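Single-letter residue listing:
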Amino acid sequence: MALAPLDQDITLDQLTLDPYPIYRRLRAEAPVMRVASAQRTFLTKAALTKLVKDDPVLFSSNDPNTPMKPAFRAHTLMRKDGDEHLAERRAINPALTPKRINSDWGPLYERLAAQYLDRLPRGEVVDMFDTLCGPLAARILAHILGIPEASDEEMQRWSQRLIDGAGNFGWRPEPFAASDEANDQMDALFQRLAPLRTAEPDGSAFSVMLTAEYPIPLSQVHANLKIAIGGGINEPRDALATAIYGLLDNPDQLAEVKAQEAWGKAFEEAIRWVAPIQASSRLVTADTELGGFDIPKGETVMTIQASSNRDEDLFENGEEFFVFRDKNPHQAFGNGPHHCAGAHIARRTVGKIILPMLFDRFPNMTLPDPAAVKWRGFGFRGPINLPVVLN
Amino acid sequence: MVQLIFVHPDGSQTEVDALEGQSVMKAAVANDVDGIVGECGGAMMCATCHCYIDEAWADRTGPREDGEEDMLEGAASEVTEHSRLSCQIKLTPELDGLVIHLPEEQL
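Our subject in this report is the structure included herewith. Small disclaimer: the values here were computed from a predicted structure and weren't measured.

How each quantity is defined
- Residue numbers here run from 1 along each chain, matching the order of that chain's written sequence.
- Just so you know, chain letters begin at A and ligand numbers begin at 1, following the order they were written in.
- In view of the model being predicted, local features appear only for residues whose pLDDT reaches at least 70, and side-chain atom pairs are presented and counted only at 80 or more, with totals across whole chains, interfaces and linings using the full set of residues.
- With hydrogens and water set aside, each side-chain value is computed from the structure's full complement of heavy atoms.
- A run of H or I in DSSP counts as a helix once it spans at least four residues, and a run of E counts as a strand once it spans at least two, with each numbered from the N terminus.
- The quantity called the radius of gyration is restricted to C-alpha atoms. Its globule counterpart is 2.2 Å times the number of residues to the power 0.38.
- For every residue, the accessible area obtained with a 1.4 Å probe (protein chains only) is divided by the maximum for its type, and the residue is called buried under 20%, exposed over 50%, and partly exposed between those limits.
- Should any heavy atoms of two residues lie within 4.5 Å, those residues are counted as being in contact.
- Asp and Glu count as negative and Lys and Arg as positive, but His and the ends of the chain are not part of the count.
- Think of each charge as sitting on NZ of Lys, CZ of Arg, CG of Asp or CD of Glu.
- Using a 1.4 Å probe, accessible areas were evaluated by the Shrake-Rupley method; residue-level cover was limited to the displayed protein chains.
- Any Lys or Arg side-chain nitrogen found within 4 Å of a carboxyl oxygen on Asp or Glu counts as a salt bridge.
- Each of two parts loses accessible area, computed with a 1.4 Å probe, when they are put together; buried area is these two losses added.
- Between N or O atoms, a polar contact is any pair within 3.5 Å; within protein, one atom must be a potential hydrogen donor and the other a potential acceptor, and residues adjacent in sequence are included only when both atoms are from side chains.
- Only Asp, Glu, Lys and Arg are considered charged, only Ala, Val, Leu, Ile, Met, Phe, Trp, Tyr, Cys and Pro nonpolar, and every remaining residue, Gly among them, polar.
- By this rule the span expected of a helix is its residue count minus one, scaled by 1.5 Å.
- We define the bend at each residue as the angle formed by axes fitted to the 7 residues ending at it and the 7 residues starting at it.
- At least two DSSP bridges between two strands are needed for those strands to be called paired.
- For the purposes of this section, nonpolar cores are sets of buried Ala, Val, Leu, Ile, Met, Phe, Trp, Tyr and Cys residues that join through side-chain atoms within 4.5 Å.
- Only Phe, Tyr and Trp rings are paired, with Trp represented by its six-membered ring, and only when their centres lie within 6.5 Å; those with planes under 30 degrees apart are stacked, over 60 edge-to-face, the remainder tilted.
- Axis definition: a line fitted to C-alpha atoms, limited for helices to the stretch in contact. Angles are taken between N-to-C directions and run from 0 to 180 degrees.
- In these notes the angle categories are as follows: under 35 degrees is roughly parallel, over 145 is roughly antiparallel, 65 to 115 is roughly perpendicular, and the rest is oblique.
- Each crossing is labelled by how the near helix is turned from the far one, with a counterclockwise turn of less than a right angle marking it left-handed and a clockwise turn marking it right-handed.

**Quick word on the overall build of chain A**
A tally of helices and strands in chain A yields 16 helices and 12 strands. The C-alpha radius of gyration computed for chain A amounts to 21 Å, which stays within 12% of the reference 21 Å derived for 391 residues, consistent with globular compactness. Each principal axis of the C-alpha atoms in chain A carries an extent, and together these give about 60 × 50 × 40 Å. Counting over 391 residues, chain A shows a buried share of 58%. Long-range pairs, those at least 24 residues apart, make up 71% of the contacts in chain A with a sequence separation of at least 6. If you average the places of the 42 positive and of the 52 negative side-chain charges in chain A, the two averages end up 2 Å apart.

**Overview of the overall build of chain B**
Helices and strands together make up the secondary structure of chain B, namely three helices and five strands. Walking chain B from its N terminus toward its C terminus, one meets helices and strands in the order β-β-α-β-α-α-β-β. Taking 13 Å as the expected radius of gyration for a compact globule of 107 residues, we find that chain B reaches 12 Å, a close match to that expectation. The principal-axis extent of the C-alpha atoms belonging to chain B is close to 30 × 30 × 25 Å. Residues classed as buried in chain B amount to 52% of the 107 residues present. Accessible surface, chain B as shown: approximately 4900 Å² in total, 44% of it carbon and sulfur. Measuring between centres, the 5 positive side-chain charges of chain B sit 7 Å from its 22 negative side-chain charges.

**A few points about the pattern of salt bridges**
All names here are of chain A. Applying the stated criterion across every chain, the model contains 30 salt bridges over all chains. Where Asp-313 meets Lys-45, a salt bridge forms, and the shortest distance between an N and an O atom there is 3.2 Å. Here the residue Asp-313 occupies a position in the loop between α15 (305–308) and α16 (343–361), and Lys-45 occupies one in the loop between β3 (40–43) and α3 (46–53), the gap between them amounting to 268 residues. What emerges from the salt-bridge pattern is a single network uniting Arg-24, Arg-27, Arg-310, Glu-312 and Glu-319.

**A short note on the interface of chain A and chain B**
Taken together, the contact between chain A and chain B spans 23 residues of the former and 19 residues of the latter. Across the interface of chain A and chain B, roughly 1600 Å² is buried in total on both sides, 46% from carbon and sulfur atoms. Looking at the side of chain A facing chain B, the largest losses of area belong to Arg-90, Lys-327 and His-344 of chain A, adding up to 28% of the total buried there. There are five salt bridges connecting chain A and chain B. Residue Asp-34 of chain B is joined to Lys-327 of chain A by a salt bridge in which the shortest nitrogen-to-oxygen separation is 3.1 Å. In this assembly, chain A and chain B are joined by eight residue pairs in polar contact (both at pLDDT 80 or more). Here the residues of the side of chain A that touches chain B sort into four nonpolar, nine polar and 10 charged.

**So, helix α6 (residues 98–118) of chain A**
For an α-helix the count is 3.6 residues per turn, leaving residues at separations of three or four pointing the same way. All names here are of chain A. Taking 1.5 Å of rise per residue, 21 residues should cover 30 Å, yet α6 covers just 26 Å from first to last C-alpha, more than 12% shy of that figure. Helix geometry: α6 is bent most strongly at Trp-105, by close to 75°, with proline Pro-107 lying one to four residues after it. Within the span of α6, buried status applies to Pro-98, Ile-101, Trp-105, Gly-106, Leu-108, Tyr-109, Leu-112, Ala-113, Ala-114, Tyr-116 and Leu-117. Considering only its buried residues, α6 is in contact with α7 (128–145), α8 (152–166) and α16.

**Structural notes on the pairing of strand β5 (residues 98–101) of chain B**
All names here are of chain B. By the bridge criterion, four bridges tie strand β1 (residues 2–7) to β5 in an arrangement that is parallel. What sits directly across from Ile-5, in β5, is Val-99. Of the strand pairs in this sheet, strand β3 (residues 50–53) and β5 are connected by two bridges, and their pairing is antiparallel. Its bridge partner being in β5, Ile-53 is matched across the sheet by Ile-100.

**Looking at the nonpolar core**
Judged by nonpolar contacts, the single largest core of 114 residues is most densely connected at Phe-42, Met-128, Met-155, Ile-244, Phe-359 and Leu-386 of chain A. In terms of residues, this core owes the most to one element, α7 of chain A, which gives 12 residues. Once you skip the residues sitting within four places of it in the chain, Met-155 of chain A turns out to touch Ala-138, Leu-141, Ala-142, Ile-147, Ala-150, Ile-229 and Ile-233 of chain A. Judged by nonpolar contacts, the second largest core, of 30 residues, contains Ala-28, Ala-47, Leu-85 and Ile-89 of chain B.

**Points about the packing of aromatic side chains**
Within a pair of aromatic rings, the relevant descriptors are the distance that separates the centres and the angle that separates the planes. Residues and elements named next belong to chain A. Applying the stated rule across the entire model yields 12 aromatic pairs over all chains. Relative to Trp-273, the ring of Tyr-245 lies with its centre 6.1 Å away and its plane at 20°, an arrangement referred to as stacked. Taken together, the residues span a long stretch of sequence, with Tyr-245 in helix α12 (residues 234–248) and Trp-273 in helix α14 (residues 263–273) at a distance of 28 residues. Here Tyr-245 and Trp-273 have matching classes, each one buried. When the centroid spacing of 5.6 Å and the interplanar angle of 80° are considered together, the rings of Trp-273 and Trp-375 count as edge-to-face. Here Trp-273, found in helix α14, pairs with Trp-375, found in strand β10 (residues 375–376); they are 102 residues apart in sequence, far enough to count as distant.

**Topic: the packing of α7 of chain A against α16 of chain A**
All names here are of chain A. Between α7 and α16, the shortest axis-to-axis distance is 12 Å and the interhelical angle comes to 135°. The angle between α7 and α16 falls in the class oblique. The two elements α7 and α16 cross, and the hand of that crossing is right-handed. Of the residues in α16, those in contact with Met-128, Leu-132, Leu-136, Ile-140 and Ile-144 of α7 are Ile-345, Thr-349, Ile-354 and Leu-358. A class-by-class count of the residues in the contact of α7 with α16 yields eight nonpolar, one polar and no charged.

Here's what the structure looks like:
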């Protein structure tokens, strides 16, 4: 067999601005493609991305030599496999179950959502991205994690710096200097709060990890909190913004969603249409074969779940936002052992609490100029502004 | 072949011929059975393949696997003593005719 074809034309700027036409072409012409600018082999069909994620032995997450390690100052569970990954994952899982939300946290999240909605101005153009989606995602996460003492601004700044550092494949010093500063601030806060969360267990992630019968090392407790900060704000923020956009841009669907109270479906469709995490990397541990091409050991494949989520084999009119699909087997939360730990939380907070409350409170919300909404991102993607009028 | 009978919340049934060694979740997904999602592919990380094993079959499907109990807490529908993650039930000839009740929702 031959190596996969090599593309030398696709640029990272093109992918950041609008990757979808490129993915559509790759799905049709070259679903396994080495993309020079990204130094990765892109996989753009749903069957291939799922197969890779479901086989963590052949396609490993364990790659300590990525910029994630300096960015987080830790080898995190995201980049581990097998029992090592499982131990750290299981340590935080109990804080992230629906049962926990339903029994302990639901009323608090509803109160927080109501507070943030209350302060939005009516009758004028307001950017929901800055005023609601980001800050509310940050506030809810701070409570889930057990660090509500951190401000919305701090949570968002730390998150962005961790992400920028982890994506610093050019190994430039500035992003690491910024993530170092964030790490110092987070570590100081964690150290200050640890005795409190130990003395009075509150079901938060921090508390659960500190008070476990067999706790994981403190370094990994901190690493898990940082992973949740880095990976738990942008995603619900972007999912919420995308859902609001999709519904406002399709008033017929919005009316039907309201009539059927199909907010959960609307959430699923939003993250299918524009997956907040668009792509993931896996290290190939042995010579293998994908889609008819040789994939040598040591290569890094990139599963483009953003593309899988519009794969013609699974979705009719996948490029369109359409809430009422018969089936929606999207891969926005990933597959395999690294399936998103926050999936249940996101489904409940965004799908079952925030979306219905928002449209109930502002039934005549409008998006005056859909074209004014800018979308950005290759690894992570969503709108970067969302100017609406609330009524 | 091992025959499986999935009972939907409305009482309707879907019969599936599954392969020995396959998990109940994989058999359901491969045969497009509504009501089993199996989002994580059997890694016991998502609880979207939750099912209720018919009482008459509980002895033969055996106890929950290590870690399954914790993950079941993530199930969207009510968890009962009959609740299992269907990805953790491997099919053997003894399970021919297994009756599996599906929950109201998985997400």
